[in-house]
Amino acid sequence: MASTQESPNGTVIPLPHVLLLRYPAHFSHINYPLPDHLFHLLKPWESPLPLDQFVLAHARSAQAVVTTGGISFHADLMSMMPDLRLIVTTSAGLDHIDLAECRRRGIAIACAGDVYSEVVADLAVGLLLDLWRKVSAANRYVRAGRWARDGDFPLGSKLGGKRVGIVGLGSIGTEVAKRLEAFGCIISYNSRKEKPSVSFPFYTDVLDLASNSDALVICCGLTPETHHMINREVMTALGKDGVIVNIGRGAIVDEKEMVQLLVSGELGGAGLDVFENEPHFPQDLIGLDNVVLSPHCAAFTPESFFNMCQLVVGNLEAFFSNKPLLSPVALEEV
Amino acid sequence: MASPSQISIGDALPQVLLLRNLLPFSLINKPLPDDRFHFLRAWESSVPLDEFVLANAQSARAVVTSGGAPVTADLLRMLPDLQFVLTTTAGLNHIDLDECRRRGIAVANAAGVFSEDVAEVAVCLLIDVWRRISAGDRYIRAGRWVGIGAFPLGFKLRGKRVGIVGLGRIGMEVAKRLDAFGCIISYNSRNQKTDIAYPFFPNLRDLASNSDALVICCGLTDETHHMIDKEVMMTLGKEGVIVNIGRGPIIDEKEMVELLVKGELGGAGLDVFENEPDVPKELMGLDNVVMTPHCGALTRESFLTLCELVVGNLEAFFSNRPLLSQVQL
């Protein structure tokens with residue numbers, strides 16, 4: 001593995017150090033080569049040392065870190081890296097990064113941009129369709145031999161004309177809205193701030209949004225403000241015919257309350273790609289026909305992985321050549 | 001069923017022969033408009049249909065049928081005053097159209113009522129196969145989810161080439177929805193549609209070789225029977241997906257099953273089958289197949305619309321106004 005490169009005038013300069021916090025599955029899944037020729041990649045999983053000791057031993061001078069979701073990059077670990085100036089994440093969310101510490105130290109973050117937005121939206125709409133038209137449940141019915149034995153399956157509910165409330169009208173929420181409009185759904189939304197360029201009705205309060213919707217699609221990020229934002233009150237307002245689709249983060253919804261309301265029939269159904277404690281999930285959901293469960297894979301397609309790998313390398317290249325990042329996070333806004 | 005006191009009032013209301021109970025009404029618990037029409041409920045009688053008709057329906061000017069109750073030439077001959085045949089289906093295979101044409105009997109159907117509902121299921125089946133939604137749900141329920149990233153990747157919809165077989169009302173609604181996902185639409189139909197911008201393939205095999213998925217939206221006729229044969233499906237290929245929301249016999253089901261089992265066809269989303277409610281057992285265990293029990297049209301909303309259309313057509317007929325959904329014979 002090369003750790004130096006030749007500069008234009010012929011001198012040999014060391015490759016910049018980049019710490020990869022975790023084995024980058026996006027690259028291996030699609031056989032995308034790691035940029036070992038451009039950067040000196042520090043790979044803690046190849047070492048017997050625990051992560052913090054590895055950082056102390058090998059990564060103290062690294063200026064950039066690449067992290068996936070699911071591994072928390074907290075202030076303690078960050079404090080071992082005094083030269084850290086950039087975090088590149090492959091996750092759609094930012095809840096695994098200590099944003100306050102980044103703000104304090106002036107560390108830039110390069111995020112996933114809109115690499116995942118369309119494929120996540122595809123799945124969100126698929127889950128909503130499945131819930132209202134009962135496709136997975138119908139598939140189970142047929143596979144169990146019940147069509148021949150028990151006759152016709154219960155009626156579904158048409159999407160066209162339904163009121164859908166998008167919680168978080170960012171790039172994912174916008175793609176969801178675009179697709180649902182083609183089905184004749186009536187879109188409204190709740191977001192941190194109203195978007196003046198958007199014509200959909202805006203509700204300042206997610207409870208009001210729920211009262212005026214037949215479904216809520218959760219497309220926002222997880223922050224201290226959005227934690228358990230979808231609570232019992234909101235779900236009861238959605239009602240016994242109302243459904244929830246969550247492709248954000250499990251903890252945005254009060255999962256325990258949601259399960260109770262689904263079991264009691266006070267909430268009509270749920271399509272869930274994320275859970276509070278993955279890969280664990282409430283076992284009560286297994287017995288329900290009006291839920292569709294997805295193993296946190298909304299963002300996972302070969303195409304989005306390819307784009308993500310390109311974006312990671314592109315952001316690192318930009319950073320180390322003092323050019324603007326391709327997908328910077330505006331830290332003052334998150 | 002009419003009670004003795006109702007019969008005298010019933011004589012003044014226009015008579016409508018009902019061959020069978022109307023499912024659209026019963027499935028959503030909507031009562032028939034007995035206050036406006038005198039429905040002759042043939043199925044409630046213990047005598048055979050022809051005896052019932054001869055005894056009770058000689059002055060009936062209208063008959064309402066659903067798909068399972070055929071309006072044959074024999075039946076039509078028993079109804080000398082008949083001027084209107086109304087079916088609650090989009091399909092017309094169960095009506096002797098030649099005889100209706102000969103006698104100047106108007107026919108109205110339910111075309112267009114279900115188009116959006118059926119298109120929704122078509123798109124859902126396609127997304128389900130490409131993104132493995134039902135398979136993922138099974139995976140989790142079976143306790144197989146042990147960590148993120150273990151479940152096989154699905155496919156993005158943008159850029160996928162979808163060939164619509166039969167660009168009628170349903171096909172257009174499917175195309176409109178898939179457009180919003182960024183799919184690239186082309187089609188095969190009996191005739192090219194001059195006002196449609198999607199590429200037209202007169203040859204079905206050419207459509208298949210230029211598509212990642214075929215969505216079957218056409219009706220079943222002698223020409224379309226087994227139109228999706230082994231050759232078409234092999235051309236679609238190992239990564240290709242078929243969605244059928246038309247009629248089962250449009251696809252050579254036996255061949256399709258073999259190709260799916262062998263991995264020569266990438267996947268299938270099926271709402272219809274050759275021999276419903278029987279479904280090929282070999283499909284039951286396949287992760288890349290999603291099956292629904294012919295329910296593309298079955299929503300509360302479509303049935304409500306259908307009930308309104310039935311009543312609206314009857315009211316129009318009996319007040320000599322244009323029918324709402326007349327079929328050109």
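These numbers come from a predicted model, not from an experiment. (Residues numbered from 1 in each chain as written. Chains lettered and ligands numbered in written order. Predicted model: local features only at pLDDT ≥ 70, side-chain atom pairs only at ≥ 80, totals over all residues. Heavy atoms only, no water.)

At the junction of the two partners, chain A supplies 55 residues and chain B supplies 60 residues. Ranking the residues of chain A by area buried against chain B places Arg-143, Trp-147 and Leu-155 of chain A at the top, with a combined share of 16%. At the surface where chain A touches chain B, the tally comes to eight salt bridges. With a shortest N-O distance of 3.1 Å, Arg-133 of chain A and Glu-120 of chain B are connected by a salt bridge. Our count for the contact surface shared by chain A and chain B stands at 29 residue pairs in polar contact (both at pLDDT 80 or more). Sorting the residues of the side of chain A that touches chain B by element identifies helix 5 (117–133), helix 6 (135–143), helix 7 (146–150), helix 8 (171–182), strand 13 (291–293) and helix 12 (302–320) of chain A as the ones contributing at least two each. A per-element tally of the side of chain A that touches chain B places helix 5 of chain A first, with ten residues. Taken together, the residues that form the side of chain A that touches chain B break down as 32 nonpolar, eleven polar and twelve charged. (Contact = heavy atoms within 4.5 Å. Buried area = accessible area lost by both parts, 1.4 Å probe. Salt bridge = Lys/Arg side-chain N within 4 Å of Asp/Glu carboxyl O. Polar contact = N/O pair within 3.5 Å; in protein donor to acceptor, adjacent residues only side chain to side chain. Helix = DSSP H or I, 4+ residues; strand = E, 2+ residues; numbered from the N terminus. Nonpolar A, V, L, I, M, F, W, Y, C, P; charged D, E, K, R; others polar.)

Within this structure, the stated rule accounts for four cavities of 30 Å³ or more. Leu-20, Pro-24, Phe-27, Leu-34, Pro-35, Leu-41, Val-66 and Val-312 of chain A are the residues that line the largest cavity. Estimated volume of the second largest cavity: approximately 40 Å³. Lining the second largest cavity are Arg-133, Phe-153, Pro-154, Leu-155 and Gly-156 of chain A together with Cys-295 and Leu-298 of chain B. When its residues are assigned to classes, the lining of the second largest cavity shows five nonpolar, one polar and one charged. (1 Å grid on protein atoms, 1.4 Å probe; cavity = no way out; pocket = protein on both sides within 12 Å on 5 of 7 lines; lining within 4 Å. Points joined across faces, edges and corners; volume = space filled by probe spheres on them.)

So, on to the UniProt feature "domain: D-isomer specific 2-hydroxyacid dehydrogenase catalytic" (unreviewed entry) in chain A. Within the UniProt annotation, "domain: D-isomer specific 2-hydroxyacid dehydrogenase catalytic" (unreviewed entry) is assigned to residues 56–329 of chain A. The straight-line gap between the two end C-alpha atoms of residues 56–329 of chain A is 27 Å; of that span, 36% is helix and 13% is strand. (UniProt positions renumbered as here; feature names shortened; annotations may be inferred.)

Turning our eyes to something else, we now look at helix 13 (residues 300–318) of chain B. Here helix 13 of chain B contains 19 residues, and its C-alpha end-to-end distance of 27 Å stays within 8% of the 27 Å for a straight helix at 1.5 Å per residue. A positive phi of about 55° marks Asn-320 of chain B, the residue just after helix 13 of chain B. (Expected span 1.5 Å × (residues − 1).)

This part is about the environment of Leu-13 of chain B. Residue and element names in this part refer to chain B. As for its position among the elements, Leu-13 is in the loop between helix 1 (4–10) and strand 1 (15–18). Between the C-alpha atom of Leu-13 and that of Asp-35, which follows or precedes it by 22 residues, the distance is 8.2 Å. Sequence-distant contacts of Leu-13, defined by excluding residues within four places in its chain, comprise Asp-34, Asp-35, Arg-36, Phe-37 and His-38.

It is worth spelling out the sheet that holds strand 5 (residues 64–67) of chain A at this point. Backbone-to-backbone hydrogen bonds pair the strands of a sheet. The strands run either parallel or antiparallel. Residue and element names in this part refer to chain A. The strand order across the open sheet built from five strands is 4-3-5-6-7, with neighbouring strands paired in parallel fashion. Pairing within the sheet leaves two strands with one partner each, and these edge strands are strand 4 (40–42) and strand 7 (108–110). Recorded for the sheet is a direction-independent mean angle of 25° between the axes of neighbouring strands. Both strand 3 (residues 17–20) and strand 4 contribute to a ladder of three bridges, which runs parallel. (Pairing = 2+ DSSP bridges. Axes fitted to C-alpha atoms, helices over the stretch in contact; angles between N-to-C directions.)

Moving on to the UniProt feature "domain: D-isomer specific 2-hydroxyacid dehydrogenase catalytic" (unreviewed entry) in chain B. As recorded in UniProt, the feature "domain: D-isomer specific 2-hydroxyacid dehydrogenase catalytic" (unreviewed entry) lies at residues 51–327 of chain B. Secondary structure within residues 51–327 of chain B divides into 37% helix and 13% strand; the distance between the first and last C-alpha atoms comes to 29 Å.

Residue and element names in this part refer to chain B. Averaged over all residues, the pLDDT of chain B is 93; the fraction at 70 or higher stands at 97%. Predicted confidence is poor over residues 1–10, with pLDDT under 50, and the contacts of this stretch with residues over four places away or in other chains come to five contacts. Across the interfaces of the predicted complex, the ipTM metric reaches 0.92, alongside a pTM of 0.91. (pLDDT = per-residue confidence, 0-100.)

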